[in-house]
Amino acid sequence: MIESKLSIKLLWYVTPLVIIPLLFLGGFTLSNVTQSTEKQADIIVSHFVQQQQQNIFNYIEVFHSATDLLSNSPVLSQFIETDSNEPSNNTARIGALLDVFASYTDAYPDILSIDLITLEEKSLAFYSSDLFAEPKKYPFTKYFKKNNLSRMQFMQQSENGITSIYFVKPIFKSQFHLESPKLLAYLILHLDPSVINASILDAPYEHTLNLIINNEGKILFSSDFSKRGIFLTEYELRKIKLAAKGEHLIPLKISSIDQKSRMLYSYQMNDGSYYASSIPKDTLYESGKTISLITALIVLISVVLLPILIFIVVRTLLLTPLAQLGKASQRVGDGDLKVRLPIVSKDEMGALFHDFNHMVNQIRHYQGQLEDYKEHLEDKVHARTEALAKMNHQLEHAIDQAKQASELKSRFLANMSHEIRTPLTAIIGFTEQMLVKEVHHIQDNHLNTVLRNSKHLLELINNILDLSKIEAEKLEIEQQECDLAQLIEDVNSVINVLANSKNLEFRIDYSFPLPRTIKSDITRLKQVLLNICTNGVKFTEQGYVSLAIEYIPNIEKLKFVITDSGIGMSKNELERIFKPFEQADSSTTRKFGGTGLGLCISKNLAHLLGGDVEVASEKGIGSRFSLTIATNNQNTDIKLLESTVDLNPIKIIKQPIESAHYDARILVAEDNLDNQELIRLLLEHWGLNPEFANNGSEAVEMALTNDYDLILMDMQMPVMGGQEATQMLRHTAYDGPIIALTANVMKHDVETYIEAGCNEALAKPIDKKALEFTLEKYLSLQKISNQKWDDILANNEFTKLNETYKSKLPGLVTDLESFHDAQQWEKLKDLSHNIKGSSGCFGFMAISDAASTLEMNLKQQEYDNVQHSFDKLIHSINQSA
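Residues numbered from 1 in each chain as written. Predicted model: local features only at pLDDT ≥ 70, side-chain atom pairs only at ≥ 80, totals over all residues. Heavy atoms only, no water.

Trainee: Explanation requested: the sheet that holds strand E18 (residues 622-630) in the structure shown.
Mentor: Pairing between sheet strands relies on hydrogen bonds along the backbone, with the strands arranged either parallel or antiparallel. Strand order in the open sheet formed by five strands is E12-E15-E16-E18-E17, with mixed pairing between adjacent strands. Only two strands of the sheet have a single partner each, and these edge strands are strand E12 (505-511) and strand E17 (612-618). Going across the sheet, the axis of each strand differs from the next one's by a mean of 15°, ignoring polarity. With eight bridges joining them, strand E15 (residues 544-552) and strand E16 (residues 557-564) adopt antiparallel strand pairing. Bridge pairing in E16 places Tyr-551 opposite Leu-558. Its contacts with the sheet place helix H13 (residues 522-538) against E15, E16, E17 and E18, and it is angled at close to 20° to E16. Its contacts with the sheet put helix H16 (residues 598-608) on E17 and E18, and the angle it makes with E17 is roughly 135°. (Pairing = 2+ DSSP bridges. Helix = DSSP H or I, 4+ residues; strand = E, 2+ residues; numbered from the N terminus. Axes fitted to C-alpha atoms, helices over the stretch in contact; angles between N-to-C directions. Contact = heavy atoms within 4.5 Å.)

As structure tokens, this is what we get:
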């Protein structure tokens, strides 16, 4: 009974589970066979058409080249340019020219005739393989006379359906200017296209019809000769053109030829005509239909037989043993532990019976110990759970510690950079200022020492930060167009001074031609060149240091070779030269100094610039460093430097800012008192008197209550940082220039400051030239803006507006007194704010200042001071009215 029910269920479930996948598989297979057949046919036909088109193109290109070669014949040039009115030489010249024509017809049997005609279509010289042929009029002359192409070809079909090709080449005077070439004649080659006629008869399938159709729909060539000269309908021509754009087979019944259902593939040739190949659908997909029929038959048989076979096998191997196992299990459940199943086979079912018997034995064996295990099981589970919980807690704690360590490391590096750069700003700035003021000679020496060591410390910090960014893969390389001559001039201006100070020769060798410009990170490239060249000077006591530049166009690389006659290096030293904090040996460090970071950074920067640094050296003779970088000039027109005459680096000369005479008001937000004093000295040297804010909050308050032409904003300050202060000023409609001062000059940091509202960012320690250039840039713009504002104030219309505003002042007094008497402080504050802005625009600065003071007292709820500031505002309005 159970077996019968299970058999029915098995048949009920197995049948659809087998049939449905088979049907899907069959449908997928049929669809895949059809698609594969279509794709294969598409590939075969497209390959055939493209191959035929390429053959035709190569064939036509050969005769274009022959026409070009013939047009440049000295005999032809001499014949055209010699005066034809000299009868004594005319016959000889024509004979020589016809001999040239004859040699071409012998070399190219497809050439039927060669004709040289004047601009008036008069034949000057004609040669044909048919001795009885004569020059004739060409129906396409009106087309090539309007055409300025140097190569032209035309296909013409005769009345008997034979298509010929004509190659036309305009002949110009041999000595002419491109602006006004002189056209003398036309050279016309008439061909019988044997290759095209042979190609059109080739076919990938039986009953294939190949056509060459011109742009008007006329059949010029056909594998069925009777179809030549027929014009296709506009619909058929449009479909053929669309097929050429899509480059795949399309169904098309060409009713102009026959009524057969065809698949067509088309390809547009260079002269605008179309090569089309069409095959009957039945022929094209015949093999696919046979495969599809066989596949469908196999699927149908599988759908019928497979479920039956599966059911018989499963019933024999699975259902009957399961019934036995079920009965035995029921007896075990009733408490009969003496049950044993007979093991007939050694397959999985036999192993299952064996395991069942073993299970019964185990149950019987361990039945007495079951209670003991129950008592201890809960204790073990509880202990294991506590151990896992403890381990998870330890793991979470370790993860938190790792995250904190990573955050502390990043914070430490940022703070270290800021804390080191801040005192360096004061050290270098004060030193430069005291040197400018020409103090005592001994003090000059000391200050020079301080300045030199400060800059050395700054260089060390920059190198450490560069190395950290390289190791963290955070160093970003920019690509911008830079002038090669200017780059070399910048390097020469630095290294030449160093070499002269040691009585060394520094020379630059150019291997012309060189690219005029390259696309690279000019700052990093200059850093690498200066580093290697400076090392060459440092480690050379006598002799020379040379820089050679070479362009390798095939791989778009630029190669710099720096050679010196210095101390050189051994093989062991060369192996360690590019490692960080490494130098040749301890004596080298004691004698020449340095941190050992320069070459390590240079090699990594070279990799980022698309190249590498290599070195060859011999102890006591000298070293040779080779730096290669990518020019990134691919797909661009490269202008070359051909000689030293082309080397014209631009030297920018700027006037000092003190000569500009700016009457500017500048606010400096800086919390460090030393840096405040330094910036004051710098600006006073340029004739500017700055005002200072000790934090961002003070800077916002001072900027909103005063009119500043420019704000220098430190980014890291107590109470409120520079970034937050800048955002707040921009939200209150402050539109003056704000320049960020920061020790964090990474690209993403600068982008953050610009996004917050800063116009530019200057690095700390402050570069005097960069600060001077920035002030000059924005104060010039402000000066121009002030001049325009003065012009507006002098305008008659502004005077009328001013008088109108002046007449409204008594009404403002009435409103102010009303709000004050009613103690409506919010309304009084809003009205004061409006008066502050409007009165300032019309030049009533006393009213604006008094309104600003009243507004500030009301904002800070200093009601004890409100009465005084209110009376002052009323007095200022009455005075102006």
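The discussion continues.
Trainee: Help me understand the packing of helix H19 (residues 722-731) against helix H20 (residues 747-756) in this model?
Mentor: Two measures define how a pair of helices packs: the angle their axes make with one another and the distance between the axes. At a minimum axis separation of 8 Å, H19 and H20 run at an interaxial angle of 25°. Here H19 lies roughly parallel to H20, going by the angle between them. Residues Gln-723, Thr-726, Gln-727 and Arg-730 of H19 lie in contact with H20, whose contacting residues are Thr-752, Tyr-753 and Ala-756. Residue composition of the contact of H19 with H20, by class: two nonpolar, four polar and one charged. (Parallel < 35°, antiparallel > 145°, perpendicular 65-115°, else oblique. Nonpolar A, V, L, I, M, F, W, Y, C, P; charged D, E, K, R; others polar.)

Trainee: Would you explain a nonpolar patch on the surface in this entry?
Mentor: Taken together, the side chains of Leu-297, Leu-300, Ile-301, Val-304, Leu-305, Ile-308, Leu-309 and Ile-312 make up a nonpolar region of the molecular surface, amounting to roughly 760 Å² of accessible area. On the secondary structure map, Leu-309 appears in helix H8 (residues 286-333). Residue classification places Leu-309 among the exposed positions, given a relative accessible area of 52%. (Patch = residues over 30% accessible without salt bridge, like charges linked within 9 Å, V, L, I, M, F, W, Y side chains within 5 Å. Areas by Shrake-Rupley, 256 points an atom, 1.4 Å probe, with all protein chains shown as cover. Salt bridge = Lys/Arg side-chain N within 4 Å of Asp/Glu carboxyl O. Buried < 20%, exposed > 50% of the residue type's maximum accessible area, 1.4 Å probe, protein only.)

Trainee: Which parts of the structure should I look at to understand the sheet that holds strand E1 (residues 111-118)?
Mentor: Strand order in this open sheet of five strands is E2-E1-E5-E4-E3, and the pairing throughout is antiparallel. Each end of this open sheet is capped by a strand with a single partner; those strands are strand E2 (123-128) and strand E3 (152-157). Each neighbouring strand pair of the sheet contributes to a mean axis angle of 20°, computed without reference to strand direction. In terms of strand pairing, E1 meets strand E5 (residues 183-191) through seven bridges, oriented antiparallel. Bridge pairing links Ile-111 to Leu-191 in E5.

Trainee: Can you walk me through the packing of aromatic side chains in this structure?
Mentor: Each pair of aromatic rings is reported with the distance of its centres and the angle of its planes. All chains considered together, the criterion is met by six aromatic pairs. A centroid spacing of 5.9 Å and a plane angle of 70° characterise the contact between Tyr-138 and Tyr-166, whose relative ring orientation is edge-to-face. Residue Tyr-138 is found in the loop between E2 and helix H4 (141-146), and its partner Tyr-166 is found in strand E4 (residues 163-172); the two are separated by 28 residues along the sequence. There is no split in this pair, since Tyr-138 and Tyr-166 are both buried. A centroid spacing of 5.6 Å and a plane angle of 20° characterise the contact between Tyr-510 and Phe-512, whose relative ring orientation is stacked. With relative accessibility at 28%, the residue Phe-512 sits in the partly exposed group. By way of ring pairs, the aromatic residues Tyr-59, Phe-63, Tyr-104, Tyr-108 and Phe-167 are connected into one cluster. We note Arg-507 situated over the ring of Tyr-544; from NZ or CZ to the ring centre the distance is 4.5 Å. (Phe/Tyr/Trp six-rings, centres within 6.5 Å; stacked < 30°, edge-to-face > 60°. Lys NZ or Arg CZ within 6 Å of the ring centre and 35° of its normal.)

Trainee: What am I meant to see in the pattern of salt bridges here?
Mentor: If charged atoms from side chains of opposite charge come close, those side chains can pair. Per the counting criterion, the structure on display carries 13 salt bridges. Across the pair Asp-68 and Lys-169 runs a salt bridge whose closest N-O atoms are separated by 3.2 Å. Residue Asp-68 is found in helix H1 (residues 2-71), and its partner Lys-169 is found in strand E4; the two are separated by 101 residues along the sequence. With a relative accessible area of 16%, Asp-68 lands in the buried category. We classify Lys-169 as buried; its relative accessible area is 14%. Residue Asp-490 pairs with Lys-526 through a salt bridge whose shortest N-O separation is 3.1 Å.

Trainee: What is the right way to look at the confidence of the model for the chain in this model?
Mentor: Of the residues in the chain, 80% have a pLDDT of 70 or more, and the chain-wide mean is 77. Contacts for the low-pLDDT stretch residues 651-655, under 50 throughout, to residues beyond four places or in other chains number five contacts. (pLDDT = per-residue confidence, 0-100.)

Trainee: Is there a simple way to explain the environment of Leu-667 in this structure?
Mentor: Within the secondary structure, Leu-667 sits in strand E20 (residues 666-669). Linking Leu-667 and Ile-738, residues 71 residues apart in sequence, is a C-alpha distance of 9.5 Å. Other than its neighbours up to four places away in sequence, Leu-667 contacts Glu-691, Phe-692, Ala-693, Ala-699, Met-702, Ala-703, Tyr-708, Leu-710, Ile-711 and Leu-712.

Trainee: Help me understand the side chain of Glu-573, please; the structure alone is not making it clear to me.
Mentor: Secondary-structure assignment places Glu-573 in helix H14 (residues 571-576). For Glu-573, the side chain forms a polar contact with the main-chain nitrogen of Ser-570, separated by 2.8 Å. A distance of 3.1 Å separates a polar atom in the side chain of Glu-573 from a polar atom in the side chain of Lys-619. (Polar contact = N/O pair within 3.5 Å; in protein donor to acceptor, adjacent residues only side chain to side chain.)

Trainee: Help me understand the pairing of strand E14 (residues 517-520), please; the structure alone is not making it clear to me.
Mentor: If a strand is regular, its side chains alternate between the two faces of the sheet. With burial as the criterion, only one face of E14 is covered, namely that bearing Ile-518 and Ser-520; the residues Thr-517 and Lys-519 on the opposite face remain uncovered. By the bridge criterion, four bridges tie strand E11 (residues 480-483) to E14 in an arrangement that is antiparallel. Bridge assignment links Glu-481 to a residue of E14, and that residue is Lys-519.

Trainee: Quick question: what am I supposed to make of H20 here?
Mentor: Counting along an α-helix, one turn takes 3.6 residues, and residues three or four places apart therefore face a common direction. Buried within H20 are the following residues: Asp-749, Tyr-753 and Ala-756. Here the buried residues of H20 occupy an arc of 65° about the axis, which is enough to place them on one side. Phi for Gly-757, located one or two positions after H20, is positive at around 130°. (Arc of directions from axis to C-beta.)

Trainee: Where do I start with unusual backbone geometry in this structure?
Mentor: A cis geometry characterises the amide bond from Phe-512 onward to Pro-513, with omega recorded as 0°. Mapped onto the elements of the fold, Pro-513 is located in the loop between E12 and strand E13 (514-515). The phi torsion at Glu-121 lies on the positive side, around 70°, for a residue other than glycine. The topology assignment puts Glu-121 in the loop between E1 and E2. Phi at Asn-503 is positive, roughly 60°, even though this residue is not glycine. Along the chain, Asn-503 turns up in the loop between helix H12 (484-501) and E12. On the basis of relative accessible area, Asn-503 is assigned to the exposed category, the value being 72%.

Trainee: Explain the nonpolar core to me, please; I cannot follow it from the model alone.
Mentor: Taken as a class, soluble globular proteins show a tendency for nonpolar side chains to be buried jointly. One finds Leu-116 and Leu-187 to be the most contacted residues of the largest nonpolar core, which totals 39 residues. Per element, the largest residue contribution to this core is nine residues, and it comes from H1. Leave out the neighbours within four places in its chain, and Leu-187 touches Thr-67, Leu-70, Ser-71, Leu-76, Phe-101, Ile-114, Asp-115, Leu-116, Phe-167, Val-168, Lys-169 and Ile-171. If you look at the next biggest cluster of nonpolar residues, it comprises 38 residues, including Cys-482, Val-537, Leu-547 and Ala-606. (Core = buried A, V, L, I, M, F, W, Y, C linked by side-chain atoms within 4.5 Å.)

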